Amino acid sequence: MRKIVFIVFLSILPFIGYSALSDTLLESARQQPDSLRLGYILKAVSQHYRSLPDESLTWLEEVIRLSFNPPDPGARSQAYRFTGAIYKNRGDYAKSLSFHLKSLKINDSLNNKQALAANYNDIGIVYKNLGDYQNALEAYQKANALVTEMAMPKGIVMTLNNLGTIYEALGQYDDALKYYNRAYAKAQEFGIVEGTSVTLSNIGELYANKGDSKSALTYFREAISLDEKTGDLVGSAITRLNMAAMFIGKKQWDSAEYHFNRSKLIAEQYDSYDMLAKVYSGLTRMYEEKGDYKTALQMYKLARNAQDSVYNEVAAKQMAEMRSRFDALQKDREIDYLRSENLLNELKIKQQRAERIALITFFGFGIIIAFMLVRRHQNKRDQKHNLELIRQRDEHLAALVEVQENERKELAKELHDGVGQLLSGLKLGLSALKVKIQKDDDNIRNLNDLIQIIDQTSSEVRGISHRMMPRILQEEGLVPAIDDMLEKSFRYTNVEWVFEHYGLKERYPEKLEISLFRICQELVNNIIKHSEASKVSVQLVQNQNFLILFVEDNGRGFNTNNKDKGIGLLNIATRLKNLHGEFTMEPSPDSGLTATVRIPIS
C-alpha cells in the first residue's frame, strides 16, 4: 500500500559505546551557545529517534528541561512530538497520544498552523493504529482544513489520501473513492506527479479489495506507466507488489510471479534490501498458497536475510556517523590544545601551504572549467546533429506511412470505382443475355455459372477494398470501424469477444485514427493466428492527454523477451514512432497476453 511512505523499524542491539556517545553528544550540546543548544539536540534526535529510541528519549528529556529557562515553547513542542513518535513506534499508543496532545496544545497557543497540521496528522495515525477510525477521521479532517487554508499542495494531497484510507478501512468504498478522486484532481492541478501516481495506486488497491480486479488493473497499470515515465521505478515496484498480492488472492500464480520478479529487479538495481524483503515475503505467501512448502521455506530464508541486511546497513551507517561526530569533537579539543601552547609558527606554515594549494587549485579549476566549456560546446553540436537526424528519421517515417496509406486509399478507390463498376456492368450484361436465350438450357446453366463467379469476384474486390481502407473508418470514425473489424474477424470463430470504450471524442485526426485502427487490426490478427485464445477483450480509453488501447486474450501467451518480434510487431513499432507513442506487452490475468498502446493526443 502506498498510502503512507513505509519506514523500516529496527531492533537495535546494545552496541558497546552507544551510552558513551550519547553522553558525549549531550556534553557537546551543553557547550553550545544558548541560541543553538536546543536546535543541536533536536537535529540529532531527528536523525536517530527511530534507530536509537532510548538515547533519543534521554536527549528529549534534556530539551524539555532546558526549554523552560529561558522559555522556548517551540522547541518543547517539537520534543513532545518526537517523544510521541518514539512511543508510537514501540506500540505504546496511550503514551504516544498524550505527548502528541501536549505538542498540539503548545502549537495551538502559538497559532502555529503548519505545526498544528502535522500534530493532527500524527494523532490521526495513532488513532488509526488503535482502530479508532472515527477519531482518526476527525484528526485527518482538521489537518486537511489547515493545509487547505495555508495552500500547501503536498499536504492537501497527502491528507485527502489519508481520509480515503480511513473510509476504505471502514468498508465505505464509495466515500473512500470520492476522497481519492479529489486527491487525484489536486495532484493534477498542482502538478504533483508522485501524488498522482500514489493516488492511482490507492484507487487500484481499493478496487482490488472490492473484488473488481478489472478496474484495479486499469489503475495499477496507469500508476506504473506514470512512474516509469517519470523514472520513479521504486514507486512502480511498490504498485507491482500490490498487483502481485491481488493476483495471489485470485490464484493467478503466473501473473503474481511476473510482478514480483519485476519488483525484485528494481530492488536489486537500487540495492533496496527492504524492498527485497517485501518481495521475498510475498513470494513466501504465494508458494504457501500453492502448497509448495519447500520453495516457500527458501523464500522465507531469503526474506530474513534481506531484512538482516537492512538492519546491518542502517546500523553501520549510524555507528559511522556517531564515530565521525566523536572524532570531530576530539579534533576540536586537539586544536584547542595546540592553540594553548602558542604554536603560531606551525599555523603560519600551514597557512602558507594552504595558500599554495589554493593557488594550484585555482589554476586547476581554470583548466577544468575550460575543458568543460569545450566539452559543452561539442555536446551541444552533437546534440543538434542528433536532433536533426531524429527529425529527418521521423519525417521519413511519417512520409512512408502517409505514402502507404495514400496508396491503399487510391487502390481501394480504383478497385471499388473501377474494377467493381466493370464487374457490375458485366453482370448486368450477362443477366440481359440470359433473358434472350431462355430456351437453351445448356447456355443458361453456363451463364448462371458465370454470373455466380462474377458475384464472388465482386465480393472479393469489395472485401479487399474495405480491408485496404475501410469506408466505415472514413465515414463514421474509429469506434464503429474497430467494432466492425472485430465482428468480421471473429464472425466465423468460437472466440468470445468484447469491445469497450470510455471518454472518447467523436473524431480524431485521420492519421491517428488510421494508425490506431491498423495497430488494433494487427494485434487481433496475431491473436487469431497464434494465440489459440477463446476470449478476447479490447478497451479504448481517453485518459487526460492520452489515447490508450488495451488488447487482452486468454491464449497461450508470447515470450515478451524474444528479440525476433516479426513483421507485424515491427509495423506497430514504426507507426508508434511516427506518433511518439508507447507499446508494451505483459502476461494477462487469464494467463494469456495484454498489449497496451499509449498515444499522446495533444
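The rules behind these values
- Residues numbered from 1 in each chain as written.
- Predicted model: local features only at pLDDT ≥ 70, side-chain atom pairs only at ≥ 80, totals over all residues.
- Heavy atoms only, no water.
- Helix = DSSP H or I, 4+ residues; strand = E, 2+ residues; numbered from the N terminus.
- Buried < 20%, exposed > 50% of the residue type's maximum accessible area, 1.4 Å probe, protein only.
- Contact = heavy atoms within 4.5 Å.
- Areas by Shrake-Rupley, 256 points an atom, 1.4 Å probe, with all protein chains shown as cover.
- Pairing = 2+ DSSP bridges.
- Expected span 1.5 Å × (residues − 1).
- Axes fitted to C-alpha atoms, helices over the stretch in contact; angles between N-to-C directions.
- Parallel < 35°, antiparallel > 145°, perpendicular 65-115°, else oblique.
- Left-handed = near helix turned anticlockwise from the far one by under 90°.
- Nonpolar A, V, L, I, M, F, W, Y, C, P; charged D, E, K, R; others polar.
- Phe/Tyr/Trp six-rings, centres within 6.5 Å; stacked < 30°, edge-to-face > 60°.
- Patch = residues over 30% accessible without salt bridge, like charges linked within 9 Å, V, L, I, M, F, W, Y side chains within 5 Å.
- Salt bridge = Lys/Arg side-chain N within 4 Å of Asp/Glu carboxyl O.
- Core = buried A, V, L, I, M, F, W, Y, C linked by side-chain atoms within 4.5 Å.
- pLDDT = per-residue confidence, 0-100.

Novice: Which residues make up the overall build of the chain, and what values go with them?
Specialist: Of the regular secondary structure elements, the chain holds 21 helices and five strands. A total of 602 residues make up the chain; the buried ones form 40% of that total. Counted over contacts in the chain with a minimum sequence separation of 6, partners at least 24 positions apart contribute 62%. Approximately 34300 Å² of the chain is accessible, and the part contributed by carbon and sulfur atoms is 53%.

Novice: Can you explain the pairing of strand 3 (residues 546–553)? Please cite residues and give values.
Specialist: Among the eight residues in strand 3, eight count as buried, and that is most of the element. Between the antiparallel neighbours strand 2 (residues 535–543) and strand 3 lie two residues, among them Gln544 with a positive phi of about 55°. With eight bridges connecting them, strand 3 and strand 5 (residues 593–600) associate as antiparallel partners. Note that in strand 5 the partner of Val551 across the bridge is Ala595.

Novice: Outline helix 10 (residues 193–210), listing residues and values.
Specialist: In an α-helix, one full turn covers 3.6 residues, which means residues spaced three or four apart are oriented alike. When the terminal C-alpha atoms of helix 10 are compared, their 26 Å separation across 18 residues agrees well with the 26 Å that a helix rising 1.5 Å per residue should span. Burial analysis of helix 10 places 13 of its 18 residues in the buried class, the great majority of the element. Just downstream of helix 10 lies Gly211, where phi reads positive at about 90°.

Novice: Let's hear about the packing of helix 10 against helix 11 (residues 213–230): which residues, and what values?
Specialist: Relative orientation of the contacting elements helix 10 and helix 11 amounts to 160°, with a least axis distance of 7 Å. Judged by the angle between their axes, helix 10 and helix 11 are roughly antiparallel. In terms of crossing hand, the pair formed by helix 10 and helix 11 is left-handed. Across from Val193, Thr196, Ser197, Leu200, Ser201, Ile203, Gly204, Glu205, Tyr207 and Ala208 in helix 10, the residues of helix 11 making contact are Ser215, Ala216, Tyr219, Phe220, Glu222, Ala223, Leu226, Asp227 and Thr230. For the contact of helix 10 with helix 11, the per-class residue count stands at ten nonpolar, six polar and three charged.

Novice: Tell me about the packing of aromatic side chains, and please be specific about residues and values.
Specialist: According to the stated counting rule, one finds six aromatic pairs in the structure shown. Aromatic side chains Tyr207 and Tyr219 sit 5.7 Å apart centroid to centroid with 10° between the ring planes, which places their arrangement in the stacked category. Within this pair, whereas Tyr207 is found in helix 10, its partner Tyr219 is found in helix 11, the two being separated by twelve residues in sequence. Each residue in the set Tyr80, Tyr87 and Phe99 is aromatic and connected to the rest through ring pairs, giving one cluster.

Novice: So what's going on with the pairing of strand 5? Residues and values would help.
Specialist: Of all eight residues that make up strand 5, seven are buried, and the element is covered over most of its length. Judged from the six bridges that link them, strand 4 (residues 582–587) and strand 5 form a sheet pairing that is antiparallel. Residue pairing across strands places Glu582 opposite Arg598, the latter belonging to strand 5.

Novice: Residue-level account of a nonpolar patch on the surface, with values.
Specialist: On the surface, Phe365, Ile368, Ile369, Phe371, Met372 and Leu373 cluster together into a nonpolar patch covering about 640 Å² of accessible area. Here Phe371 lies in helix 16 (residues 344–436). Take Phe371: its relative accessible area is 54%, and that puts it in the exposed class.

Novice: Any chance you could break down unusual backbone geometry for me, citing the residues and the numbers?
Specialist: With omega at -5°, the peptide bond leading from Asn69 into Pro70 counts as cis. Here Pro70 shows up in the loop between helix 3 (53–66) and helix 4 (73–90). Even without being a glycine, Asn111 presents a positive backbone phi close to 55°. The class of Asn111 is exposed, set by a relative accessible area of 53%. One non-glycine residue with positive phi stands out, namely Glu532, at about 60°. Examined against the element boundaries, Glu532 turns out to sit in the loop between helix 20 (510–531) and strand 2. Since its relative accessible area comes to 65%, Glu532 is described here as exposed.

Novice: So what's going on with the nonpolar core? Which residues, and what values?
Specialist: Ranked by internal contacts, the top residues of the largest apolar core, which has 57 residues, are Phe260, Leu283 and Met286. For Leu283, the residues in contact, after removing those within four places along its chain, are Phe260 and Met299. If you look at the next biggest cluster of nonpolar residues, it comprises 35 residues, including Leu473, Leu523, Val524 and Leu579.

Novice: Help me get a handle on the confidence of the model for the chain, residues and values and all.
Specialist: Per-residue confidence for the chain averages 80 on the pLDDT scale, and 75% of its residues sit at or above 70. Scored below 50 in pLDDT, residues 3–21 makes 35 contacts in the model with residues more than four places away or belonging to other chains.

Novice: Summarise the packing of helix 13 (residues 253–269) against helix 14 (residues 273–290); cite the residues concerned and give the values.
Specialist: Orientation of helix 13 relative to helix 14, taken along the N-to-C sense of each, is 160°, at an axis distance of 9 Å. Our classification of the angle between helix 13 and helix 14 gives roughly antiparallel. Helix 14 is crossed by helix 13, and the crossing has left-handed handedness. Across the interface between the two elements, Trp253, Ala256, Glu257, Phe260, Ser263, Lys264, Ala267 and Glu268 of helix 13 pack against Met275, Leu276, Val279, Tyr280, Gly282, Leu283, Met286, Tyr287, Glu289 and Lys290 of helix 14. The residue inventory of the contact of helix 13 with helix 14, partitioned by class, reads eleven nonpolar, two polar and five charged.

Novice: Can you explain the sheet that holds strand 1 (residues 496–502)? Please cite residues and give values.
Specialist: Taken in spatial order, the five strands line up as 1-2-3-5-4 in an open sheet, and their pairing is mixed. The open sheet is flanked by strand 1 and strand 4, the only strands paired with a single partner. Taking the axes of each pair of neighbouring strands and ignoring which way they run, one obtains an average angle of 10° across the sheet. Lying on the sheet, helix 20 is in contact with strand 2, strand 3, strand 4 and strand 5; it crosses strand 3 at an angle near 10°.

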